[in-house]
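Chain by chain, the residues:
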Amino acid sequence: MNSFKATFALFGLACTALAGCAGSSDDYPSLAIRDAERVTGSLSPASQPSAPALSAQTIESIDAALLSAQSMHARFLGARPQAAALVDAARGGGPESDNRAKALIAMADLTSLHSETAIALAELDRMEVEAATQFAPVDAIRLAQVEVKKLVADQDLILDALWSEIDG
């Protein structure tokens, strides 16, 4: 029991000694809000800089991509009847038949024209990203994209139908 009293007394003495080490509260900064930290004044939005217009070169590039897509689509539609006829002729033939080989070549040609149309769409996508990063208007580019996407979607439907006939 004696050792418990001695330990308790030693602990009390240590606490008293440590309490004497603390200085006055004037040594520490106040945590109260300072005048500079108070919200004063009013905020007004900065004026928005005007968006740069599309350059003449970009407008020409949009027109060129759209024209290229329309041209490839016209060529695609022109090659479609022959490809459809070759696919019809290949129906029922075996994988080694000449008609099937001719139909596959025609389908490859159609797919190539489809890819050329999709390249025009990719070019329009690139232009949109470039214009958007410069905060230029992208409406004209998006209108051209919509047109080319319709052409690509039409070609997709045609190709899917022909491929299902040749595979079926």
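Up top you'll find the structure we're talking about.
Residues numbered from 1 in each chain as written. Predicted model: local features only at pLDDT ≥ 70, side-chain atom pairs only at ≥ 80, totals over all residues. Heavy atoms only, no water.

Caption draft 1: Summary view of the nonpolar core. Leu-54, Ile-62, Leu-124, Met-127, Ala-131, Ile-141 and Val-148 are the most contacted members of the largest nonpolar core, which totals 17 residues. Taken together, the elements giving at least two residues each to this core come down to α2 (56-90), α3 (98-133) and α4 (139-167). Once residues lying within four places of it in the same chain are set aside, the contact partners of Leu-54 are Ile-59, Ile-62, Ala-131, Ala-136, Pro-137, Ala-140 and Ile-141. One finds Met-72, Leu-113, Leu-162 and Ile-166 within the second-largest nonpolar core, a separate group that totals 14 residues. (Core = buried A, V, L, I, M, F, W, Y, C linked by side-chain atoms within 4.5 Å. Buried < 20%, exposed > 50% of the residue type's maximum accessible area, 1.4 Å probe, protein only. Helix = DSSP H or I, 4+ residues; strand = E, 2+ residues; numbered from the N terminus. Contact = heavy atoms within 4.5 Å.)

Caption draft 2: Molecular detail of the pattern of salt bridges. Within the structure shown, the criterion is met by five salt bridges. As a salt-bridge pair, Asp-88 and Arg-91 come within 2.8 Å of each other at their nearest N and O atoms. For Glu-128, the salt bridge is made with Arg-142, and the minimal N-O distance between the two is 2.7 Å. Of this pair, Glu-128 sits in helix α3 while Arg-142 is found in helix α4, placing the two residues 14 residues apart along the sequence. For Arg-142, a relative accessible area of 43% translates into the label partly exposed. Shared partners join several salt bridges into a network, and the residues in it are Asp-88, Arg-91 and Glu-165. (Salt bridge = Lys/Arg side-chain N within 4 Å of Asp/Glu carboxyl O.)

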